[in-house]
Amino acid sequence: QVQLVESGGGLVQAGGSLRLSCAASERTFRTYAMGWFRQAPGKEREFVAVKAWSGGTTDYADSVKGRFTISRDIAKNTVYLQMNTLKPEDTAVYYCVSGIRNSRAFDEYDYWGQGTQVTVSS
């Protein structure tokens, strides 16, 4: 089983930045796509971004496009989420995911991490 471990969450003021990291314990075809979902209190879990290993195919939710950047270090089995111009509505638990292909549906992924809290104050 692949383990995904997130880090980098914390408290930041609106307009600030955070960089999330997620390290996979191993590289397999089930870590071909790695990305991020988030869930705010009382809200439905939502897709944030995903990036494929091969070809660099990338997808972003409209709510974060232009502010967030996803990247990967294949050698380190790590995916990053650079979050700029953060807004209070970005406050959520952020979950790292991995699977065999890019998808906006959480249940299409094979693995997920424990989550890291991001809190944006106004």
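Quick notes on the rules
- Residues numbered from 1 in each chain as written.
- Predicted model: local features only at pLDDT ≥ 70, side-chain atom pairs only at ≥ 80, totals over all residues.
- Heavy atoms only, no water.
- Disulfide = S-S within 2.5 Å.
- Helix = DSSP H or I, 4+ residues; strand = E, 2+ residues; numbered from the N terminus.
- Buried < 20%, exposed > 50% of the residue type's maximum accessible area, 1.4 Å probe, protein only.
- Core = buried A, V, L, I, M, F, W, Y, C linked by side-chain atoms within 4.5 Å.
- Polar contact = N/O pair within 3.5 Å; in protein donor to acceptor, adjacent residues only side chain to side chain.
- Contact = heavy atoms within 4.5 Å.
- Pairing = 2+ DSSP bridges.
- Axes fitted to C-alpha atoms, helices over the stretch in contact; angles between N-to-C directions.

A complete count under the given rule lists 1 disulfide for this structure. Paired by a disulfide, Cys-22 and Cys-96 hold their sulfur atoms 2.0 Å apart. The S-S bond linking Cys-22 to Cys-96 shows a torsion near -80°; that makes this disulfide left-handed. Here the residue Cys-22 occupies a position in strand β3 (residues 18–24), and Cys-96 occupies one in strand β9 (residues 92–99), the gap between them amounting to 74 residues. Pair check on accessibility: Cys-22 and Cys-96 agree, each one buried.

Turning our eyes to something else, we now look at the nonpolar core. Within the largest apolar cluster, 33 residues are counted, with the highest numbers of intra-cluster contacts made by Leu-4, Trp-36, Val-48, Phe-68, Leu-81, Met-83 and Tyr-94. Contributing elements (two or more residues each) for this core: β3, β4 (33–39), β5 (46–52), β7 (68–73), β8 (78–83), β9 and β11 (116–121).

The next subject is the side chain of Arg-38. Residue placement: Arg-38 occurs in strand β4. At 2.6 Å, the side chain of Arg-38 and the side chain of Glu-46 are in polar contact. Sequence-distant contacts of Arg-38, that is, excluding residues within four places in its chain, are made with Glu-44, Arg-45, Glu-46, Val-48, Ser-63, Val-64, Phe-68, Glu-89, Asp-90, Ala-92, Val-93 and Tyr-94.

Take the side chain of Asn-102 next. Positionally, Asn-102 belongs in the loop between β9 and β10 (111–112). For Asn-102, a relative accessible area of 16% translates into the label buried. Separated by 3.5 Å, the side chain of Asn-102 and the backbone nitrogen of Ala-52 make a polar contact. A distance of 3.2 Å separates a polar side-chain atom of Asn-102 from the backbone oxygen of Thr-57. With residues up to four places along the chain from it excluded, the contact list for Asn-102 reads Ala-33, Val-50, Lys-51, Ala-52, Thr-57, Thr-58 and Tyr-109.

What holds strands together in a sheet is hydrogen bonding between their backbones, with the strands either parallel or antiparallel. Spatially, 4 strands are ordered β1-β3-β8-β7 in an open sheet, and the strand pairing comes out antiparallel. Two strands close off the open sheet at either side, each with one partner strand: β1 (4–7) and β7. Adjacent strand axes in the sheet meet at a mean angle of 15°, parallel and antiparallel pairs treated alike. Bridge count for β3 against β8 is 6 bridges, and the pairing is antiparallel. Bridging from a neighbouring strand, Ala-23 pairs with Thr-78 of β8.

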